[in-house]
Amino acid sequence: MANKLEAERPLSPHLQIYRPMLTMMMSIAHRITGASLAAGFLLLTWWLVAISIGPEAYEVVAGFFSSLLGRLLLFLFTWALVHHMLGGIRHLIWDTGAALDKTSIEVAAWLTIVSSIVLTVLIWVAGYALQGAH
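## Some remarks on the overall build of the chain
Logical step 1: Looking only at helices and strands, the chain features 5 helices and 0 strands.
Logical step 2: Listing every helix and strand of the chain by position from the N terminus yields α-α-α-α-α.
Logical step 3: Counting over 134 residues, the chain shows a buried share of 21%.
Logical step 4: Taking the contacts inside the chain whose residues are at least 6 apart along the sequence as the reference set, 66% of them involve residues at least 24 apart.

Below is the structure:
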């Protein structure tokens, strides 16, 4: 009977037990953006290799990046890069022992979310503005 009871309970705390919290979601988002950056840097590598190969290879990559899917991937890569960077800055601040109270942690999480979206949009607006200036 004891073995049956032990088998029915979770062996360790699991996401089904915990109520999702902003800090938990930010931790997960930080890991996802970090992994996404690896894929994004593969796209960057493809672009650099194409430049080094020549105009024909570059045209293929430029065609992809100018497509809707290519632009979406570049936008998401930009957001992942900015979000991951801001998350890293947040952790550096925490490493100093500052802003570790519950309110500061929540405010920093929301600042990271909002700032990453705003900065990503500003980067893209600036990019299009500079492109149009030429």
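## Observations regarding the packing of helix α2 (residues 22-53) against helix α4 (residues 68-95)
Logical step 1: Contact geometry of α2 with α4 gives a least axis separation of 8 Å together with a crossing angle of 130 degrees. Considered as vectors, α2 and α4 are oriented oblique to each other. Handedness of the crossing formed by α2 with α4: left-handed. Packed against α2, whose contacting residues are M26, A29, H30, T33, G34, S36, L37, G40, F41 and L43, the element α4 presents L73, F77, W79, A80, L81, H83, H84, G87, G88 and R90 at the interface.
Logical step 2: Its residues assigned to classes, the contact of α2 with α4 comprises 10 nonpolar, 9 polar and 1 charged.

## Some remarks on the packing of aromatic side chains
Logical step 1: The full count for this structure, using the stated rule, is 6 aromatic pairs.
Logical step 2: A ring pair is formed by F64 and F65, whose centres lie 5.6 Å apart and whose planes are at 55 degrees; its orientation type is tilted.
Logical step 3: For F64, a relative accessible area of 21% corresponds to the partly exposed category.
Logical step 4: A relative accessible area of 11% places F65 in the buried class.
Logical step 5: Three or more aromatic residues joined by ring pairs make a cluster, and in this case those are W46, F64 and F65.

## Some words on unusual backbone geometry
Logical step 1: The backbone of A99 shows a phi angle near 60 degrees, a positive value even though the residue is not glycine.
Logical step 2: Classification of A99 by relative accessible area gives partly exposed; the value is 31%.

## Remarks on the confidence of the model for the chain
Logical step 1: When pLDDT is averaged across the chain, the result is 91; 88% of the residues are at 70 or more.
Logical step 2: Confidence, expressed as mean pLDDT per element, reaches its minimum in the chain at helix α1 (residues 2-8) with 58 and its maximum at helix α3 (residues 55-65) with 98.

## Concerning the environment of V61
Logical step 1: As for its placement among the helices and strands, V61 is situated in helix α3.
Logical step 2: Note: C-alpha distance between V61 and A50 (11 residues apart in sequence) is 6.9 Å.
Logical step 3: Not counting residues within four places of it along the chain, the set of residues in contact with V61 comprises W46, W47 and A50.

Conventions we followed
- As a convention, each chain's residues are numbered from 1 in the sequence order in which they are written.
- Given that this is a predicted model, residues contribute local features only at a pLDDT of at least 70 and side-chain atom pairs are listed and counted only at 80 or more, while totals for whole chains, interfaces and linings are drawn from all residues.
- Based on all heavy atoms of the structure, the side-chain values leave hydrogens and waters out of the count.
- Helix and strand definitions here come from DSSP, where helices need a minimum of 4 consecutive H or I residues and strands a minimum of 2 consecutive E residues; each element is numbered from the N-terminal end.
- Note on exposure labels: buried denotes an accessible area under 20% of the residue type's maximum, exposed denotes more than 50%, and partly exposed covers the range between, all computed with a 1.4 Å probe on protein chains only.
- Should any heavy atoms of two residues lie within 4.5 Å, those residues are considered in contact.
- Between N-to-C directions, angles cover 0 to 180 degrees, with each direction set by a line fitted to C-alpha atoms, over the stretch in contact for helices.
- Here roughly perpendicular refers to angles of 65 to 115 degrees, roughly parallel to angles under 35, roughly antiparallel to angles over 145, and oblique to all remaining angles.
- In a left-handed crossing the near helix is turned counterclockwise from the far helix by less than a right angle, and in a right-handed crossing that turn is clockwise.
- Note on residue categories: nonpolar means Ala, Val, Leu, Ile, Met, Phe, Trp, Tyr, Cys or Pro, charged means Asp, Glu, Lys or Arg, and polar means any other residue, Gly included.
- Only Phe, Tyr and Trp rings take part, Trp by its six-membered ring, and two of them pair if their centres are within 6.5 Å. Stacked means planes under 30 degrees apart, edge-to-face means over 60, and tilted covers everything else.
- Per-residue confidence from the predictor is reported as pLDDT, which spans 0 to 100.

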